[in-house]
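# Descriptive analysis of the structure
This is what each chain is made of:
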Amino acid sequence: MPHPRTEDTRAAVRTDDTRPAANPGNVGPAPAGGARPAGRPENAGPARADRARPGADAGGTRPAHAEETRPAVREPNARPAHAEEARPAVRSEAARPVVQRASVRGQIVDALRTALVSGELAPGEVYSAPALGERFGVSATPVREAMQQLALEGAVEVVPNRGFRVIERGTRELAELAEIRGLIEVPVMLRLARTVPAARWTELRPLAEATVRAASSGCRVTYAESDRSFHRAVLALAGNAQLVRIADDLHRRAQWPLVGGPVSRGRADLVADAAEHTALLDALIAEDLTVVQTLVREHFTGAS
């Protein structure tokens, strides 16, 4: 015969199993038969305090639709709806007209270089960024950036609170540039004369002829660009990009006008200079190293 205390205990257990579950989330009563609230294993003990989630009742029981009531936990790769709108900083950064600004700066650099070669920017004169910006129809900012580039190239120098002064250059500096160009380009051209086939030199004939046409126009700016284009093409056959860049920079500096001197050489001087290009090609095709060396040295001397 069962002990009275055992029966009482069982009755208490049955009574506890049949009572309604806590209903903080408007959950209906538990089904008959002692079924436990959804989400609790059959033999699970009471929820531990350190595992309780927001929205759970005091006994650790979570309401139905717990996923809707607890704070949303997104998957590691999940993004909120309208993710593009949630990242305004990225979209704003991509929309900046960086390329356009760099393009304006590059155009101003080219315009200022042209003004230097033509003598429009006179040696020794000071020019302010706002005044030049008004001349070119842009703000002062890209002009300052362009002038800083020209300062690195040695064309101008910064004058605090005033602007930029065009460097005054004399014949000595021009002679030094010609000497450096000779030290760099003469050995390279002699080596190319021994290794480059005649067909490659013939391909450069149109560039040499373009310098003759530019010289015939009498425009120093047009001739300066065609002259550098020819020399770049010749040196590019050496396959050394750094050599081409350095030589081109020296060549550009040699084209700036002198202080107190004529703004530009006469048309006859330009035509004579251009004629040396075609003569140089003829010597390179013939592999006449003596003529190549003489022409290159005289070409640099004449240019200065």
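Before reading on, note that the structure itself is shown above.
Residues numbered from 1 in each chain as written. Predicted model: local features only at pLDDT ≥ 70, side-chain atom pairs only at ≥ 80, totals over all residues. Heavy atoms only, no water.

Here we take up the nonpolar core. Grouped burial of nonpolar side chains is what soluble globular proteins tend to show. Trp-201, Leu-280, Leu-281, Leu-284, Val-292 and Val-296 are the most contacted members of the largest nonpolar core, which totals 26 residues. Elements supplying a minimum of two residues to this core: α7 (171-195), α10 (220-236), α11 (241-254), α12 (267-286) and α13 (289-303). At seven residues, α7 tops the list of elements feeding residues into this core. Not counting chain neighbours up to four residues away, the residues in contact with Leu-280 comprise Met-189, Phe-230, Val-292, Leu-295 and Val-296. Residues Leu-112, Val-143, Ala-146 and Trp-256 belong to the second largest nonpolar core, which totals 21 residues. (Core = buried A, V, L, I, M, F, W, Y, C linked by side-chain atoms within 4.5 Å. Buried < 20%, exposed > 50% of the residue type's maximum accessible area, 1.4 Å probe, protein only. Helix = DSSP H or I, 4+ residues; strand = E, 2+ residues; numbered from the N terminus. Contact = heavy atoms within 4.5 Å.)

Strand order in the open sheet made by the three strands is β1-β3-β2, with antiparallel pairing throughout. Sheet topology places β1 (126-127) and β2 (156-159) at the edges, where each strand pairs with a single neighbour. Bridging between β2 and strand β3 (residues 163-166) involves four bridges; their strand directions are antiparallel. Following the sheet pairing, Val-159 is matched in β3 by Gly-163. Relative to β2, helix α6 (residues 140-153) is tilted by about 125°, and along the sheet it contacts β2 and β3. (Pairing = 2+ DSSP bridges. Axes fitted to C-alpha atoms, helices over the stretch in contact; angles between N-to-C directions.)

The next thing to look at is the pattern of salt bridges. Evaluation of the coordinates by the stated rule reveals 15 salt bridges. Two residues, Arg-169 and Glu-173, come together in a salt bridge whose shortest N-O distance is 3.5 Å. On the basis of relative accessibility, which here comes to 2%, the residue Arg-169 falls in the buried class. Taking relative accessible area as the criterion, Glu-173 reaches 28% and is therefore assigned partly exposed. Three or more residues joined by partner-sharing salt bridges are found here, namely Glu-225, Arg-228, Arg-232, Asp-248 and Arg-252. (Salt bridge = Lys/Arg side-chain N within 4 Å of Asp/Glu carboxyl O.)

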